[in-house]
2 protein chains.
Amino acid sequence: MAKRVLVIGCGLIGTSFALALRKTFGGQLEVDGVEPHPDHREALRTAGVFRAVYDRLPPAGPSPRYDWAVLAVPVDKAAEMVPAASALAHWVMDVCSLKGPVCAAAREAGVAARFAPTHPMAGKAMGGPSAAEASLFAGQVWLVVEGWPAVSAVLPLLRATGAVIQPVASEREHDLAMAAVSHAIHLVSGAAMLAFHDAEKAAGAGGRWAAWTGPGFRDVTRLAGSPAGFWVATLLANREAVAAQLERVSARLGEFAAALQTGDAGRLASLLESARAVSEAWRRDRDRALSSGEP
Amino acid sequence: MAKRVLVIGCGLIGTSFALALRKTFGGQLEVDGVEPHPDHREALRTAGVFRAVYDRLPPAGPSPRYDWAVLAVPVDKAAEMVPAASALAHWVMDVCSLKGPVCAAAREAGVAARFAPTHPMAGKAMGGPSAAEASLFAGQVWLVVEGWPAVSAVLPLLRATGAVIQPVASEREHDLAMAAVSHAIHLVSGAAMLAFHDAEKAAGAGGRWAAWTGPGFRDVTRLAGSPAGFWVATLLANREAVAAQLERVSARLGEFAAALQTGDAGRLASLLESARAVSEAWRRDRDRALSSGEP
């Protein structure tokens, strides 16, 4: 059982993970943090989640000071920090929403045997340590990439959060899937919002249409309201898969448009019916996987 | 003040409207219904909302038997029934989600002076009279088309539902706006769902990715789960505007794809930032219009 954990990056995810570990393991586990942002450090000191919070990585000694280092920083930073983290801890895990770049970094650093690639599918509109909660991951999916030996060692820590652990065959499948279920979905939401604005402008409606939107519009465009910051690095790091997925969405939109333009009621009905059937299958597959529990 | 109302089509919207009128006006108002579906009629008889429920339009007498006829049937049927409804009632209103076809029918029948085109923006996943509620419209937007004299006569009935009444300049603007805020949004949701399935199939993932979807995916694809029935007639009746809006969405998706393909972080950030700004403006315009109250 791990005794000492270093969380590198004490934002929403890193701090929520630390809170969940403290809640489950109490005094059996010491959790330190690394957080460069002074305001975040101040908030963390008051909250008392971490034993110590450093402003940068502590110097590596002759042997690893921690059982686990947790990389909870954006994917480009996490890939950079793999070698330093693996000098500080016996095992290293990350929580990034893309797995290709960090897995490549672990292989390149020769620490693949000690590296666990994971991805908790949880979040909140507000980021930062003040929004952190011990229950953030409870009942949510936490993906782990198969074929990395350190994954079995990390499972007790992930289980402590109450997350539903789901295996992914490879980092490549993970990143392809994320393009379809998250990254392209984000851009579809943004494109729908921008196109609403384009239409209002073309009609000279100047803000009048906003009040005529219902819950469907609100849901489809919700993600467009997120700050751009986090997304740019993630989308660019997965750009081939995301661009391919946008092509699939555009092709489907083109099929709907063609059915409308030719007034083909049968084709339109059949496309809508396919979408409904896929929606039903998705819900059934999801519920089955989530109720069947852990790998 | 109206004393006798005939609701033509006693589904979710028609029956909820009748319930809201009965709740506000009690015995001052008699509400009859027309509902061809025998199961619906049986449900309505038990519920006792309507004084009488006919299986078809009652025969027209020498003078109108009702103050108001309410066309609460799909838009193609409503347009057909305008002449018959205006023989039965002094005033006619409709609650269709498209205004062009019914407004044209009212002009053609020579009853424009007695016709109020309206559109309550309320609904529920479940249809039918059993799902009806007196509070369905409370706090929701009810659009009325300006320039139709009967609209001022219908306002007391609409206000009785607790809806927030919003004017629209013309039936053309209404239908253009609905293409952007509702009809194309529905197809975007369907296209995103179909493209998810296409990607899973291309990767040979066979249902595995379903469990890896989060709240963003669920919200963007939610509308894809609706039955096709109602949508085919509505989308076809508004097909030019909907196809034009799909082109706008595709153009914006193309801009995102180009920024990804060229790895242009600045362009990607600026598109995401525009979407965020439009989202914020939409929310502000909506809240301002809804809090400023009635026309």
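Each remark here, short or long, concerns the structure printed above.
Here the residue numbers are simple positions, counted from 1 along each chain's written sequence. All chains are assigned letters beginning at A, and all ligands numbers beginning at 1, according to the order in which they are written. Reporting in this predicted model follows two pLDDT cut-offs: at least 70 for local features of residues, and 80 or more for side-chain atom pairs to be given and counted; totals over whole chains, interfaces and linings ignore these cut-offs and use all residues. The side-chain quantities take in all heavy atoms of the structure and omit both hydrogens and water.

Chemist: Could you clarify how one ought to interpret the overall build of chain A in this entry?
Modeler: In DSSP terms, a helix is any run of H or I states spanning at least four residues, a strand is any run of E spanning at least two, and both are numbered starting from the N terminus. The helix and strand tally for chain A stands at 10 helices and 8 strands. Referenced to the eigenvectors of the C-alpha coordinate spread, the extents of chain A come out at roughly 75 × 40 × 35 Å. Only protein chains enter the accessibility calculation, which uses a 1.4 Å probe; a residue is then buried when its area is under 20% of its type maximum, exposed when over 50%, and partly exposed in between. Buried residues in chain A amount to 54% of all 295 residues. When checking whether two residues touch, look at their non-hydrogen atoms; a contact exists if any pair is within 4.5 Å. Contacts in chain A between residues at least 24 apart in sequence constitute 64% of all its contacts with a sequence separation of at least 6. To be clear on the numbers: accessible area is Shrake-Rupley with a 1.4 Å probe, and residue cover counts the displayed protein chains and nothing else. Here chain A displays about 11,700 Å² of accessible surface, and carbon together with sulfur accounts for 54% of that area. His residues and chain termini do not enter the charge count, which takes Lys and Arg as positive and Asp and Glu as negative. Lysine's charge is taken at NZ, arginine's at CZ, aspartate's at CG and glutamate's at CD. Measuring between centres, the 29 positive side-chain charges of chain A sit 3 Å from its 28 negative side-chain charges.

Chemist: How do you make sense of the sheet that holds strand β2 (residues 30-34) of chain B when you look at a structure like this?
Modeler: Strand-to-strand pairing in sheets goes through backbone hydrogen bonds, with the strands running parallel or antiparallel. Residues and elements named next belong to chain B. Criterion used throughout: strands pair if DSSP finds at least two bridges between them. Spatial ordering of the open sheet is given by β3-β2-β1-β4-β5-β6-β7-β8, a layout of 8 strands whose pairing is mixed. Each having just a single partner strand, β3 (53-54) and β8 (164-168) make up the two edges of the open sheet. With 5 bridges connecting them, strand β1 (residues 4-8) and β2 associate as parallel partners. Paired with Leu6 across the strands is Asp32, a residue of β2. An axis is simply a line fitted to the C-alpha atoms; with a helix, the fit covers only the stretch in contact. Between two such axes, the angle follows the N-to-C directions and lies from 0 to 180 degrees. Along the sheet, helix α1 (residues 12-25) contacts β1, β2, β4 (66-71), β5 (89-94), β6 (115-120) and β7 (141-145); its crossing angle with β1, the most-contacted strand, is approximately 160°.

Chemist: So what exactly am I meant to see when it comes to the pairing of strand β8 (residues 164-168) of chain A here?
Modeler: Consecutive side chains of a regular strand alternate in pointing toward one face of the sheet and then the other. All names here are of chain A. Summarising burial for β8: 4 of the 5 residues are buried, a large majority. Bridging between strand β7 (residues 141-145) and β8 involves 5 bridges; their strand directions are parallel. Bridge pairing in β8 places Leu143 opposite Gln166. With its strands directed away from the observer, a crossover is right-handed exactly when the path from the first strand over the helix to the second travels clockwise. Taken together, β7, helix α5 (residues 150-159) and β8 constitute a β-α-β crossover, and its handedness is right-handed.

Chemist: Could you clarify how one ought to interpret the interface of chain A and chain B in this entry?
Modeler: One frequently used descriptor of interface size is the decrease in accessible area upon assembly of the parts. With 91 residues of chain A at the interface, the matching set in chain B holds 91 residues. Between chain A and chain B, a total of about 7,800 Å² is buried, with carbon and sulfur atoms accounting for 74% of that surface. Together, Trp212(A), Leu260(A) and Trp282(A) form the three largest contributors to the area buried by chain A at its contact with chain B, with a combined 11%. Between Lys or Arg on one side and Asp or Glu on the other, a salt bridge is scored when a side-chain nitrogen of the former is within 4 Å of a carboxyl oxygen of the latter. Viewed at the interface, chain B and chain A are joined by 6 salt bridges. The shortest N-O distance in the salt bridge between Arg252(A) and Asp198(B) comes to 2.8 Å. Under the rule applied, a polar contact is a pair of N or O atoms within 3.5 Å (in protein, one hydrogen donor and one hydrogen acceptor; residues adjacent in sequence only if both atoms are side-chain atoms). There are 21 residue pairs in polar contact (both at pLDDT 80 or more) connecting chain A and chain B. Every element with two or more residues in the side of chain A that touches chain B is listed here: β7, β8, α6 (171-202), α7 (215-221), α8 (229-237), α9 (239-261) and α10 (265-291) of chain A. In terms of residue count, α6(A) provides more of the side of chain A that touches chain B than any other element does, 22 residues in total. Residue polarity follows a fixed list, in which Ala, Val, Leu, Ile, Met, Phe, Trp, Tyr, Cys and Pro are nonpolar, Asp, Glu, Lys and Arg are charged, and the others, Gly among them, are polar. Residues of the side of chain A that touches chain B, tallied by class, amount to 57 nonpolar, 19 polar and 15 charged. Here's the idea: put two parts together, see how much 1.4 Å probe accessible area each one loses, and the total over both is what we call buried area.

Chemist: What exactly am I supposed to notice about α6(A) here?
Modeler: Given 3.6 residues per turn, any residue in an α-helix points the same way as the ones three and four places further on. Residue and element names in this part refer to chain A. One fewer than the residue count of a helix, multiplied by 1.5 Å, yields its expected span. When the terminal C-alpha atoms of α6 are compared, their 44 Å separation across 32 residues agrees well with the 46 Å that a helix rising 1.5 Å per residue should span. Bend, in this description, refers to the angle at a residue between axes fitted to the seven residues ending there and the seven starting there. Of all the bends in α6, the largest measures some 50° and sits at Ala179. Here α6 lies mainly inside the structure; 25 of its 32 residues are buried. Within two residues after α6, Gly204 carries a phi angle of roughly 65°, on the positive side.

Chemist: What is the right way to look at the relation of the copies chain A and chain B in this model?
Modeler: Of the transformation placing chain A onto chain B, the axial shift is 0.0 Å and the rotation is 180°, giving an RMSD of 0.1 Å. Accordingly, the operation relating the two chain copies is best matched by a two-fold axis. Among all residues of chain A, the one whose C-alpha sits closest to the rotation axis is Val220(A), at a distance of 2.1 Å. Most of the interface of chain A is mirrored in chain B: 100% of its interface residues are interface residues there too. To superpose the copies, least squares is applied to the C-alpha atoms of every residue with a pLDDT of at least 70 in both.

Chemist: How should the pattern of salt bridges be read in this particular structure?
Modeler: Opposite charge on two side chains lets them pair, provided their charged atoms get close. Counted under the stated rule, the structure contains 38 salt bridges over all chains. For Asp32(A), the salt bridge identified is with Arg51(A), shortest N-O distance 3.0 Å. Within this pair, whereas Asp32(A) is found in strand β2 (residues 30-34), its partner Arg51(A) is found in the loop between α2 (38-47) and β3 (53-54), the two being separated by 19 residues in sequence. The buried category is assigned to Asp32(A), whose relative accessible area is 0%. Across the pair Arg252(B) and Glu255(B) runs a salt bridge whose closest N-O atoms are separated by 3.2 Å. Highlighted residues: Arg252(B) and Glu255(B), both in helix α9 (residues 239-261), separated by 3 residues, approximately one helical turn.

Chemist: Looking at this structure, I do not really get the packing of α6(A) against α8(A). What am I missing?
Modeler: Two numbers describe a pair of packed helices, the interaxial angle and the distance between the axes. Residue and element names in this part refer to chain A. At a closest axis distance of 11 Å, the pairing of α6 and α8 adopts a crossing angle of 120°. Relative to α8, the element α6 is oriented oblique. Between α6 and α8 lies a crossing whose hand is left-handed. Contact residues: Ser182, His183, His186 and Leu187 in α6; Trp231, Thr234 and Leu235 in α8. Per-class residue counts for the contact of α6 with α8 are 3 nonpolar, 4 polar and no charged. Angles below 35 degrees are treated as roughly parallel, those above 145 as roughly antiparallel, those between 65 and 115 as roughly perpendicular, and all remaining angles as oblique. Each crossing gets its hand from how the near helix is turned against the far one by less than a right angle, where anticlockwise is left-handed and clockwise is right-handed.

Chemist: What's the story with the sheet that holds strand β6 (residues 115-120) of chain A in this structure? I'm lost.
Modeler: Residue and element names in this part refer to chain A. Taken in spatial order, the 8 strands of this open sheet run β3-β2-β1-β4-β5-β6-β7-β8, and their pairing is mixed. The open sheet has two edge strands, β3 and β8, and neither has a second partner. Note: strand β4 (residues 66-71) against strand β5 (residues 89-94), 5 bridges, orientation parallel. What sits directly across from Trp68, in β5, is Trp91. α5 rests against β4, β5, β6, β7 and β8 of the sheet, and its axis sits at about 40° to β6. α6 rests against β6, β7 and β8 of the sheet, and its axis sits at about 145° to β7.

Chemist: What should I look at first to understand the packing of aromatic side chains in this one?
Modeler: What describes a pair of aromatic rings is the distance from one ring centre to the other and the angle between the planes of the rings. Only the six-membered ring of Trp is used, alongside the rings of Phe and Tyr, when aromatic pairs are assigned; centres must lie within 6.5 Å, and planes under 30 degrees apart are stacked while those over 60 apart are edge-to-face, with the rest tilted. In the structure shown here, the tally under the stated rule is 12 aromatic pairs over all chains. With a centroid separation of 5.9 Å and an interplanar angle of 70°, the aromatic rings of Phe115(A) and Trp148(A) are classed as edge-to-face. Linking Phe115(A) in strand β6 with Trp148(A) in the loop between β7 and α5, this pair joins segments that are 33 residues apart in sequence. In this structure, Phe115(A) and Trp148(A) share a single accessibility class: buried. Taken together, a centroid distance of 4.8 Å and an interplanar angle of 45° make the contact between Phe137(B) and Trp142(B) tilted. There is no split in this pair, since Phe137(B) and Trp142(B) are both buried. By the ring-pair criterion, three or more aromatic residues cluster together here, those being Phe17(A), Phe137(A) and Trp142(A). The ring of Tyr66(B) carries the charged tip of Arg4(B) above its face, separated from the ring centre by 4.9 Å. Here, a charge over a ring means that NZ of Lys or CZ of Arg falls within 6 Å of the ring centre while also lying within 35 degrees of the ring normal.

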